[in-house]
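Given next are the chains, with one letter for each unit.
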Amino acid sequence: MSETRRSFLKKAGAGVAAFTILPRHVLGAMGNPKYVAPSDQLTRGIIGVGGIGMSGLHFVSDERCRLVSVCDVDQNHLDRAVRTGKERFGEQLKAYHDWRDLVHDPNVDIVHIATPSHWHGIMAVEAARAGKDIFCEKPMTRTIAEGEKVVKAVRDNGRIFRLDTWFRFKDTFYGLGTTVEPLKKLVSSGLLGWPLTVRISGATGFTWKFFWTGKENLVPQPVPKELDYDMWLGPAPYKPYHPHRVHQTFRGYWDYESGGLGDMGQHYIDPVQYILGKDDTYPVRVDVDAPQQHPDAVGTWRSITYTYADGCRIILEGEGYESKGKVPYIEGPLGKVYKGFECTIPNVMDKIAELPDPAPRNTDFLDCVKNRRHFALDEIIGHHSATVVNIGACALRLGRSLDFDPVTCRFIGDDAANRLIDQPMRAPWASMIL
């Protein structure tokens, strides 16, 4: 190569990015055939090491990308991560309490955001402005406006973004018994007809994790000494501490996420957007069938139905929804596909084998970072599927059907719904995402 990865990134990124990407240090052992020059090895820092950030899938360090730093507002989580880094890969990880210190660390190339959802937007925007590439857990953002701001910051600063939901690429898609690719080929062929209806329910192999519901009338409790609760809340409204609000069970409160819909919605809906060819648009209407929601604690729901301008529908079937008989995952006027990829079209797999494969996609995030290519599930596509989730969350929270304009990305004739698109944040955090 005529130039190192680091010098290439300096030229390719925006000015702020170029300023923050600097050589780290000079290593010896040049005679070691396994040696990777510092300028050719990516580095990563993880914000949030209480759950997914500590998983075997993400808490890794190797010759392609070295984990160098971690951050958490819970000292117990932070101590465990540092200890695990030393035990697992012999790394003395840099430990940060304030995520801004990790984002602005010149030794970090990639910021991995594994925090509760109400932090995703602010952290991603700040990371982009600091010249970092971003690996973000789902859901991409908690509100539609936050997603819009992440898209702008990533594009304005020339960064590479990856949303961490992978089912449009690989792995068996839950109970369907197949990867997404055969479904994409089948739908694109027109063999099922049009428009299509997709049902995401227990009957088709999915679960909405209704154990992520909130509790009402929480009695305030003392904040544990190891937790910086004010920093954990960050931009969210202040609410007295209770252990059910934080860590795993935070998903049950509107201030931080939207229950099982927020937790699993992007995993389930993002591949459907891809299958239906709707990565560049949104539903025009959402209908909900659910009990009245508590203003603080997320509850359950029976169904959420999205309708697109062309008549396609995505139906989320939840608690108490009674599907009659055998339920197809996807159906059109000419055919149906059931759980386990059972299809009413004769010899469907032979027909699919004769169809052209979907266009190739860049699915190696580290390669995308090194070569400055958009990842296949980037900020634009991620924002689209996150918006579908958030449209449903707005309708569920308000307890009514909503019409949505896919061009302006605002609700039609509903001021209360539009206020949920860009929700107030506590100071000083609000100023960081403007």
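Above: the structure in question.
Here is a short report on the structure shown in this document. (Residues numbered from 1 in each chain as written. Predicted model: local features only at pLDDT ≥ 70, side-chain atom pairs only at ≥ 80, totals over all residues. Heavy atoms only, no water.)

## Observations regarding the nonpolar core
Selection rule: Buried Ala, Val, Leu, Ile, Met, Phe, Trp, Tyr and Cys residues that are joined via side-chain atoms within 4.5 Å together make up what is termed a nonpolar core. Each residue is placed in one exposure class: buried if its accessible area under a 1.4 Å probe, protein chains only, is under 20% of its type's maximum, exposed if it is over 50%, and partly exposed if it falls in between. Counting from the N terminus, the helices are DSSP H or I runs at least four residues long and the strands are E runs at least two residues long.
Among the nonpolar cores identified, the biggest contains 117 residues, and W99, I200, Y306, L316, Y329 and I330 are the most heavily contacted of them. Tallying contributions element by element places helix α12 (residues 379-398) first for this core, with 9 residues. Judged by nonpolar contacts, the second largest core, of 11 residues, contains I46, L67, V70 and V82.

## Overview of the packing of aromatic side chains
Rule in force here: To pair, rings of Phe, Tyr and Trp, with the six-membered ring standing in for Trp, must have centres within 6.5 Å; the planes then decide the type, stacked if under 30 degrees apart, edge-to-face if over 60, and tilted in the middle. By definition, being over a ring means that NZ of Lys or CZ of Arg is both within 6 Å of the ring centre and within 35 degrees of the ring normal.
Following the criterion strictly, the structure yields 29 aromatic pairs and no others. Plain terms: the ring middles of F404 and F411 are 5.2 Å apart, the flat faces sit at 65° to each other, and that makes the pair edge-to-face. Taken individually, F404 and F411 each receive the classification buried, so the pair is uniform in this respect. Cation over ring: K184 sits above Y274, and NZ or CZ is 4.8 Å from the ring centre. It is R245 that lies over the ring of Y253; its NZ or CZ is 4.9 Å from the centre.

## Points about the pattern of salt bridges
Note the following rule: Put simply, a salt bridge is a Lys or Arg side-chain nitrogen that is within 4 Å of an Asp or Glu carboxyl oxygen.
Across all of its chains, the model carries 32 salt bridges by this definition. The shortest N-O distance in the salt bridge between R66 and E91 comes to 2.8 Å. Here R66 is found in strand β2 (residues 65-71), whereas its partner E91 is found in the loop between α3 (75-89) and β3 (94-96), with 25 residues between them in sequence. A residue is classified by how much of its surface remains accessible, and E91, at 14% relative accessible area, is buried. Across the salt bridge formed by R245 and D296, the nearest N and O atoms sit 2.5 Å from each other. You can see R245 sitting in the loop between α8 (229-233) and α9 (259-275) and its partner D296 sitting in the loop between β8 (285-289) and β9 (303-307), a full 51 residues away along the chain. The buried category is assigned to D296, whose relative accessible area is 13%. In the salt-bridge network here, residues are joined through shared partners; they are K138, K209, R251, E257 and D263.

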